[in-house]
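# Reading the structure
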Amino acid sequence: MSTSQRFGSDAVEHAEAVLVEHYPRLVRLAYLTLPDSLGRHARVLLAHKAVQRALPRSGTPAGPAPAEGGTDGSDRHLALVRSRVLRAVLAPGGPATTWARIGRPPVPPFVWGLRLWPPAGGIDEAAQTLSGAPAPVRAAFVLLHLDDLAEDETVRLLGRAGAAEPAGAVRDALALPVGEELLRALRRPEFDASVVSARPTDLLRRRRRARACWAGLAALALTLTLLAVHGSRPDPDVRPAAGSAAASGALDPARLQRVSAEAWSDTARVDFTAWPARGGRTGDRDLLARALGTWAAPGTTPVATTPGTTAEPPARPPQLLYAGELDGRAVVLMRDGDRVMRYGETTTRSSGGRTLDVTRTDDAGVTTAAALTLSRAPDGASARYLLAPWIARAAARDLLRAGDTGHALAVAADGVTAPAAVPPAGGSCASWPVLELTSSTRIVEKHSFVLTDLGALSPVHLTYTPLPDGPAAPARQPREATGPEARATWARLACRLGELRGGAYRAVNVWDFAAAQLPDGAGRAVWSCTRASGWAGPGDVTVLLRLEAGTPQDVARARSTAACGRFGQHLLAGFRWRSPAGRWYLLAAGSRQVSAITATGAVRADAAERTLTAPWAGPDGPVSLMGTLAGGGTVTALDGAGGGRD
C-alpha cells in the first residue's frame, strides 16, 4: 500500500489561499530564477505561468512534507507551493529538462499587441547581479536574501524542487556581491513583483501585418488547393515567427534613430547619444535589416557579450551610429539604451562570416564614449576605431615608454582611424600601444586622454592619481595619464593590464596612496592601488608595492568592491616583505586620512603615522591590521575577504 501523501480537497483550498496571499513573492522567485537570456517580456509571462500552475489538483502527490521549524514555521502549504514553483522553472526539474534537451526555451503564454516588463524597484538590477549564475544559485539568492529563509531550510526546499547540489547553490548564493541598497529596494512594501508595466506594440505596423497575413492566408489557401488538385505536397515551413521586437517596430530600418552631425557641439550630454550616424552604408536598408534581424534571432551567428550584458534584442528602435565597409567586411554599430551592438559580415554575405558583439556602456561620457572598435586585423595585431565626433586629434604611443611622444594617427572624415597597433593578447610584453585622443576646443580646452584596447568593443580609459600632499590637503582626483608622473607610473604597470582582458571595464586608475623608505637600505617604495572600474559600478582592485627597481609586488586583491574609488577613499594594506639582507618585515601603509596603524597577532607593533615597518621573526602566523582615521573611526586591511571597510 502506498504511503505517499496526496493533496485532498482541503489541502488544495489551503494551497490556493497561500498562493493568493504570497503571489507577488512567488512571482518574484520565479522571475529571478528564470534565465535572463529569455528577455524581460518572456520571463514575466513564464513567471506568472509557473505560479498559477503551482496550484495542485486533488489527488496530486504532495511529496515529502517539509521539516517543521523553518522560516515558514508550520506553514507546510507555502513550502509545498514554493517547491512546485521552483520545480517548474528550475533545471533539471520541470520544463527545463525538455528545454535543455531540445535547445529551446519553454513556451510562455501569448499576449498579443502588448509588451510587458516588471516594475522599477530593483528587480532588473537583481537579475543583472545574478546574470550568469546557475538557476539553483539564483533561486537560493531569492530565498535567502528576499524571503528570509534559513540556510538549512533553503537547502531542503531546493532539494525537494530537484536541484542537484542544493548545499553548493546556497554557498554560491551567499558569496554573490549584493548591496544592501538593492535588497532594500526589493523589500520595499510598495514594490509588487506581480505588477507589470505594459505598452502597445507598433499599432500601424501591426495593422499592416494583419492585412498582409489575411492576404497571405488567401494565397496559401489557393496554393494548397492547386497542389491538392495536382497531387503534390511541399515540405512544411518550420521557421519561427517574428518575436516581440519585430512587433514593436524595433527591427524596422526605417525607424532607426539618427542624430544630426552637429548635435555633440550643442548639448550638455556629451556621450553616445550625441553620435551621428556615419559611414558609407547608412542608407543600405538591406544591410541594416540583416543587422537588426541577426540581433533579434542570431541563429548560428556567434554572439559575444561582455560580463553582465544581455544580448536580448531592443524593445524600441535603436540609434544608428555607423554603417560602412572596412577591409572586406560590412560593419554596423547601434546603441540601445546602455548597450552598444556591433554587427559584422563579409562582403560576400556568407552566413558563416557574420558576427555579433554587445557591450554595456552605462553612464558613458566624454572619455568613455570617445571610441568604439570597428574591426580587427585577422592576426589581431591592429584595429580600426570609430572616434567620437568631438575628437579633434588622435595619436598612438607606447605606454611602456614614458618618453614616447607618439605619432599622429590618420582619421578619415567619417571618424574611422587608420589601423592602429593593439596590445599583445599573450606572450611577451615588449610594448603596449595606446591611443592618446584630444577633445575639440568646442567642448573643452586642452583636454587629452589615453585609451587602451583590452579586446572589447569599447576601449578602456586610463587615469592616474598622484601621492597626497598630506593629511590636511584635500583629496586628489584622478588625472589623465598624459603628464610625466603619470607616464612614468604607467610605464611600470602597463603589462599588468593584460590581466583585465575579457572583463566589462570602463576605466582603470592607478592611485599612489603612500610612500616610505624601506629598511636595510632597500630604498623608497610607493604603495599604489590599481582600480579597474566596471560599467555596472563595482570594480576589481590590486594593491601593489613598487620599489625603485624590479617588478612591482602584489600586496592584496579584491573583486567587486568600492575600494580605491570615489566611495572607497579610506585604504589600509599590509605585506610580508623580505629585504635584500634576507630579513623579514611587516610593511603596512594607509591612505591620506589614516593617522595610526596597529598590528596584532604574529607581529605586534604600532605606528603613529600612515606607514608601519616592523620586524617579523617568523614569518609565520596571521597578522591583523587596524588603521585609525584622523576624523574618527577605523579601517581594516584590504584582503579580498571582507577587509578594507571602515
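Structural notes, computed from the coordinates. Being a predicted model, the structure only gives us computed values, none of them experimental. (Residues numbered from 1 in each chain as written. Predicted model: local features only at pLDDT ≥ 70, side-chain atom pairs only at ≥ 80, totals over all residues. Heavy atoms only, no water.)

## A short note on the sheet that holds strand β8 (residues 371-376)
- Reading across the sheet, the 3 strands line up as β8-β9-β12 and stay open at both edges, with antiparallel pairing between neighbours. Among the strands making up the open sheet, the edge pair consists of β8 and β12 (420-421).
- Pairing of strand β9 (residues 382-387) with β12, which is carried by 2 bridges, proceeds in the antiparallel orientation. Residue pairing in the sheet places S382 in a bridge with A421 of β12. (Pairing = 2+ DSSP bridges. Helix = DSSP H or I, 4+ residues; strand = E, 2+ residues; numbered from the N terminus.)

## What to know about the pattern of salt bridges
- Within this structure, the stated rule accounts for 24 salt bridges.
- With its nearest N and O atoms 3.9 Å apart, the salt bridge here joins D152 to R156. Remark: R156 and D152 occur in helix α8 (residues 151-161); sequence separation between them is 4 residues, near one turn of the helix.
- D554 is the partner of R496 in a salt bridge, and the nearest nitrogen-oxygen pair spans 2.6 Å. Of this pair, R496 sits in the loop between α14 (484-493) and β17 (505-518) while D554 sits in strand β20 (residues 553-561), and the two are 58 residues apart along the sequence.
- Put simply, R25, R28, R82 and D147 are held in one network by salt bridges that share partners. (Salt bridge = Lys/Arg side-chain N within 4 Å of Asp/Glu carboxyl O.)

## Things to note about the state of the cysteines
- A complete count under the given rule lists 2 disulfides for this structure.
- Through a disulfide, C429 is tied to C495; the S-S separation comes to 2.0 Å. Here C429 and C495 share a disulfide; its torsion about the S-S bond, -90°, makes the bridge left-handed. Placement of the pair is C429 in the loop between β12 and β13 (433-439) and C495 in the loop between α14 and β17, with a sequence separation of 66 residues.
- Note that C529 is cross-linked by a disulfide to C564, the S-S spacing being 2.0 Å. The sign of the S-S torsion, about 95°, decides the handedness of the disulfide formed by C529 and C564: right-handed. Here C529, found in strand β18 (residues 523-534), pairs with C564, found in the loop between β20 and β21 (572-578); they are 35 residues apart in sequence, far enough to count as distant. A single burial state applies to C529 and to C564, both of which are buried.
- The connectivity of the disulfide-linked cysteines in the protein, indexed sequentially, is 1-2, 3-4. (Disulfide = S-S within 2.5 Å. Buried < 20%, exposed > 50% of the residue type's maximum accessible area, 1.4 Å probe, protein only.)

## Brief notes about the pairing of strand β5 (residues 329-336)
- Taking burial as the measure, the 8 residues of β5 include 7 buried ones, the bulk of the element.
- Pairing of strand β4 (residues 319-326) with β5, which is carried by 7 bridges, proceeds in the antiparallel orientation. Bridge assignment links G324 to a residue of β5, and that residue is V331.
- Counted along the chain from β4 to the antiparallel partner β5, the turn is 2 residues long, and its residue D327 has a positive phi close to 50°.
- Pairing between β5 and strand β6 (residues 339-346): 8 bridges, direction antiparallel. Among the inter-strand pairings, R335 is bridged to a residue of β6, identified as V340.
- Adjacent in sequence and paired antiparallel, β5 and β6 are bridged by 2 residues, among which G337 carries a positive phi angle near 65°.

## Points about the sheet that holds β21
- Pairing is antiparallel in the open sheet, where 3 strands are placed in the order β21-β22-β25. Since the sheet does not close on itself, it has two edges, and those belong to β21 and β25 (611-615), each with one partner. Taken pair by pair, the neighbouring strands of this sheet meet at an average axis angle of 15°, ignoring direction.
- Bridge count between β21 and strand β22 (residues 584-590): 7 bridges; the pairing is antiparallel. Each bridged residue has a counterpart across the sheet, and for R578 the counterpart in β22 is W584. (Axes fitted to C-alpha atoms, helices over the stretch in contact; angles between N-to-C directions.)

## A closer look at the nonpolar core
- V51, L86, L90, F141 and L158 are the most contacted members of the largest nonpolar core, which totals 44 residues.
- When contributions to this core are tallied by element, the ones reaching two or more residues are α1 (9-21), α2 (23-33), α3 (40-52), α4 (76-89), α7 (135-146), α8 and α9 (166-174).
- Among the elements that take part in this core, α7 stands out by supplying 9 residues, more than any other.
- Contacts of L86, omitting those with residues within four sequence positions, involve L29, T33, A139, L143, L157, L158 and A161.
- F272, L321, V340 and V422 belong to the second-largest nonpolar core, a separate cluster that totals 36 residues. (Core = buried A, V, L, I, M, F, W, Y, C linked by side-chain atoms within 4.5 Å. Contact = heavy atoms within 4.5 Å.)

## As for unusual backbone geometry
- Residue D520 is not a glycine yet carries a positive backbone phi of 60°.
- Following the sequence through the fold, D520 ends up in the loop between β17 and β18.
- Residue classification places D520 among the partly exposed residues on the basis of a relative accessible area of 29%.
- The backbone phi angle of S560 is positive, close to 50°, even though this residue is not glycine.
- With respect to the helices and strands, the residue S560 is situated in strand β20.
- The class for S560 is partly exposed, based on a relative accessible area of 38%.

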